[in-house]
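Listed here are the chains, written in short residue letters.
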Amino acid sequence: AQSVAQPEDQVNVAEGNPLTVKCTYSVSGNPYLFWYVQYPNRGLQFLLKYITGDNLVKGSYGFEAEFNKSQTSFHLKKPSALVSDSALYFCAVERGNEKLTFGTGTRLTIIP
Amino acid sequence: NAGVTQTPKFRVLKTGQSMTLLCAQDMNHEYMYWYRQDPGMGLRLIHYSVGEGTTAKGEVPDGYNVSRLKKQNFLLGLESAAPSQTSVYFCASSGPNGGTDTQYFGPGTRLTVL
């Protein structure tokens, strides 16, 4: 069965510093990996995805993520955090069964 | 385009009551999904549909039923609500490539069962 883990419930970063939100996955075969963001009282919004090709994926709002097959990771990164990046971030994985499996989420707080 | 809309936004039910949540999308998407979001558990898939007239069970289907009579609508029903069904419910839709396509989410329905 496919699964995804977000080991940190909460990440705090000072404004202007680089940020990383961690995600590891477990699937058989090649994974399809996604990051979504949820702002308060809103639905999830798509940030980026990895299907195949270049391991570094660039997405919305200056975010990027690196697919690392050997470490089964897909960490979300941004070089310079903004206060407006504060939100709940979800990693998700799909492996050919039409269904996404979501992680439990990481709450990112950017401190001014 | 409105994208994905959900009705109602909030609802309070008593144990044993029934209700239907409506999801509508105007993107002509084939796939539609119902999730529930609970603190510390992320999103869990309840039911999904790969096209008009089709439905399939997700991770946590018990106590829920769904119907997809029209391509643009996906209904989630609770026949006899229980306090364990207190949650925030999200609908999503995606294009013909299923799992590799981006999912577009509605704003959510906050349901409380007393």
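Figured I'd write up the structure that's included with this text. (Residues numbered from 1 in each chain as written. Chains lettered and ligands numbered in written order. Predicted model: local features only at pLDDT ≥ 70, side-chain atom pairs only at ≥ 80, totals over all residues. Heavy atoms only, no water.)

## Some details on the sheet that holds strand S7 (residues 65-67) of chain B
Residue and element names in this part refer to chain B. Taken together, the four strands give an open sheet; going across it, the order is S1-S3-S8-S7, and neighbouring strands pair in antiparallel fashion. Each edge of the open sheet carries a strand with a single partner, namely strand S1 (4-7) and S7. Each strand of the sheet is rotated relative to its neighbour by a mean of 20 degrees, with strand direction disregarded. Of the pairings in the sheet, the one linking S1 to strand S3 (residues 19-25) comprises four bridges and is antiparallel in character. Within the sheet, the bridge partner assigned to Gln 6 lies in S3 and is Cys 23. (Pairing = 2+ DSSP bridges. Helix = DSSP H or I, 4+ residues; strand = E, 2+ residues; numbered from the N terminus. Axes fitted to C-alpha atoms, helices over the stretch in contact; angles between N-to-C directions.)

## Observations concerning the pairing of strand S11 (residues 109-113) of chain B
Residue and element names in this part refer to chain B. Side chains of S11 alternate between two faces, with Thr 109, Leu 111 and Val 113 buried and Arg 110 and Thr 112 left unburied. Relative to S11, strand S9 (residues 87-94) runs antiparallel, the two sharing three bridges. Within S11, the position partnered with Val 88 by the bridge is Arg 110. (Buried < 20%, exposed > 50% of the residue type's maximum accessible area, 1.4 Å probe, protein only.)

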